[in-house]
Amino acid sequence: MVGIPSAYKRDASERINRVSSIPFALAHLVPLAVIWTGLTWRDVVVCAVLYQARVFFITAGYHRYFAHRSYKLNRFWQFVMAFGGTTAAQKGPLWWAALHRDHHRYADTPDDIHSPLKGFWWSHVGWILCDKYKATRSDRITDFARFPELRWLDRNNWIGPWTLAVATFLVFGLRGLIVGFFVSTVLVWHATFLVNSLAHVFGRRRYVTHDSSRNSLLIALLTNGEGWHNNHHYLPSSARQGFFWWEIDMSYYLLSALRLPRIVKDLHRPPERLLDTNRVRDGFDIGMFEIYAARAGGVVGAARQHVSTTYDHARGSVVEAMASAVAAAEDLAHQAKTRPA
Ligand SMILES: [Zn+2]
Ligand SMILES: [Zn+2]
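No experiment lies behind these values; they were computed from the predicted model shown.

### Description of the overall build of the chain
Next up, step 1: Of regular secondary structure, the chain possesses 13 helices and 0 strands.
Next up, step 2: In terms of C-alpha radius of gyration, the chain reaches 27 Å, well past the compact-globule figure of 20 Å for 341 residues.
Next up, step 3: When the backbone C-alpha atoms are referred to their principal axes, the chain occupies close to 115 × 55 × 40 Å.
Next up, step 4: Burial statistics for the chain: of 341 residues in total, 38% are counted as buried.
Next up, step 5: Expressed as a percentage of contacts within the chain between residues at least 6 apart in sequence, the contacts between residues at least 24 apart total 71%.

This is the structure we're talking about:
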């Protein structure tokens, strides 16, 4: 992943905006303040609770509900799920889910916004820090964009994180804000980003899909079940992403529990008949073949660019050398002509 030329070239509009990225960078520095404030077990517990809660709102809410409609909520709980998602400071539910639908539609093609084939760091964090993808693509999510309260929340997505930050400060003090809010926010960011970057690079493939998605227990543990990413690309409308009992999927267990008070309804599970079909072990993994072909194309393109640059440079030097030789010869001829006999 590092040192390999990107398979796809990013265009000029896919540049990181360094100025608007400053708050994001500063949020990563705030946790360093514990050097001066110190921390207690209570701060660590607040951090862990806020991490777990917000990973749930992002994975079960933004991802499995808003992007994939893998279960049903009534309008009240739908708003609660959306508001909970905004507290993770990953913009609004419509913005998030619309872009994620595009990820599935174009996975690992040049139109995939955050494919690692455009570079690992780009897929992890770069695409979020560029201006090109800042707008909400409402046309991709008309089913939820018809709710005025969700459109309002999407526009005012700052209310969630600010409310939570102020509440942690008022209830738990400065350390509560720094450790409880900022540390957990940064951790939730990178857990979410891992699914876009590492879950397409690290792990094993069980199902043949037209992308580089992989299954990883480690990523599943960090993200409450999103690490079963190859399963998910295979059957995106399933609310359960760990297909087998040993594939730990905390977000699914919690969604299952929420069926009892009838908050969650019509929870989609993977159809039994599809669990043992389209296995990589049974045939040719056309998906990875396409990925290798794209990577090979990137290497050939980079080599061609290198040869062409080297050739242009060499040609420039030869032309320059010839021009100086001609000038020197002309000078000599001129001196010979003007020398007195
Ligand atoms: Zn993916
Ligand atoms: Zn998805």
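Moving on from the coordinates now.
### Quick word on the environment of Ala323
Next up, step 1: Residue placement: Ala323 occurs in helix H13 (residues 286–338).
Next up, step 2: Between the C-alpha atoms of Ala323 and Tyr62, which are 261 residues apart in sequence, the distance is 65 Å.

### As for the environment of His103
Next up, step 1: Along the chain, His103 falls in helix H5 (residues 93–106).
Next up, step 2: With near-sequence residues (within four places) excluded, His103 lies in contact with Asp112, Ile113 and His114.

### Things to note about the domain arrangement of the chain
Next up, step 1: Once the domains are mapped, the chain shows domain 1 (22–282) and domain 2 (297–341).
Next up, step 2: In this structure, domain 1 and domain 2 have C-alpha centres spaced 57 Å apart.

### Here we look at the packing of helix H4 (residues 75–86) against helix H8 (residues 148–155)
Next up, step 1: Here H4 crosses H8 at 5°, and the two axes come no closer than 11 Å. With respect to their mutual orientation, H4 and H8 come out roughly parallel. Here Phe79, Ala82, Phe83 and Thr86 of H4 lie close against H8, whose contacting residues are Glu149, Leu150 and Leu153.
Next up, step 2: Across the contact of H4 with H8, the residue classes break down as 5 nonpolar, 1 polar and 1 charged.

### Concerning unusual backbone geometry
Next up, step 1: Located in the positive-phi region is Arg69, a residue other than glycine, with phi close to 50°.
Next up, step 2: Structurally, Arg69 can be placed in the loop between helix H3 (41–67) and H4.
Next up, step 3: Overall, Arg69 belongs to the partly exposed group, with 16 C-beta atoms counted inside 10 Å.
Next up, step 4: Positive phi, close to 55°, is recorded for Ala89, a residue that is not glycine.
Next up, step 5: Inspection of the secondary structure puts Ala89 in the loop between H4 and H5.

### Details of H4
Next up, step 1: Compared with an ideal rise of 1.5 Å per residue, which puts 12 residues at 16 Å, H4 spans 17 Å between its outermost C-alpha atoms and is within 8% of the ideal.
Next up, step 2: Those residues of H4 that fall on the buried side of the exposure criterion are Met81, Ala82, Gly84, Gly85 and Thr86.

### Some words on the nonpolar core
Next up, step 1: By size, the foremost hydrophobic cluster in this structure holds 51 residues, and its most contacted members are Phe57, Tyr62, Leu94, Ala97, Val188, Leu194 and Ile219.
Next up, step 2: Among the elements of the structure, H3, H4, H5, H8, helix H9 (159–196), helix H10 (217–222) and helix H12 (250–257) are those that each provide at least two residues to this core.
Next up, step 3: If you tally residues by element for this core, the top one is H3, at 13 residues.
Next up, step 4: Not counting the four nearest positions on each side in its chain, Ala97 is found in contact with Tyr62, Phe66, Ala67, Ile141 and Phe144.

### Digging into H9
Next up, step 1: Counted at 1.5 Å a residue, the expected span for H9 with its 38 residues is 56 Å, but the 26 Å between its end C-alpha atoms falls short.
Next up, step 2: At Phe172, H9 shows its largest bend, some 140°.

### Remarks on the packing of H3 against H9
Next up, step 1: Between H3 and H9, the least distance of the axes is 8 Å, while the angle of their chain directions is 45°. When the interaxial angle is binned, H3 and H9 end up oblique. Of the two elements, H3 crosses H9, and the hand of that crossing is right-handed.
Next up, step 2: Of the residues belonging to the contact of H3 with H9, the class tally is 14 nonpolar, 5 polar and 3 charged.

Criteria and cut-off values
- Residues numbered from 1 in each chain as written.
- Chains lettered and ligands numbered in written order.
- Predicted model: local features only at pLDDT ≥ 70, side-chain atom pairs only at ≥ 80, totals over all residues.
- Helix = DSSP H or I, 4+ residues; strand = E, 2+ residues; numbered from the N terminus.
- Rg over C-alpha atoms; globule rule 2.2 N^0.38 Å.
- Buried ≥ 20, exposed ≤ 12 C-beta atoms within 10 Å, placed from the backbone.
- Contact = placed C-beta atoms within 7 Å.
- Domains from an automatic or database assignment.
- Axes fitted to C-alpha atoms, helices over the stretch in contact; angles between N-to-C directions.
- Parallel < 35°, antiparallel > 145°, perpendicular 65-115°, else oblique.
- Nonpolar A, V, L, I, M, F, W, Y, C, P; charged D, E, K, R; others polar.
- Expected span 1.5 Å × (residues − 1).
- Core = buried A, V, L, I, M, F, W, Y, C linked by C-beta atoms within 7 Å.
- Bend = angle between axes of the 7 residues up to and from the residue.
- Left-handed = near helix turned anticlockwise from the far one by under 90°.

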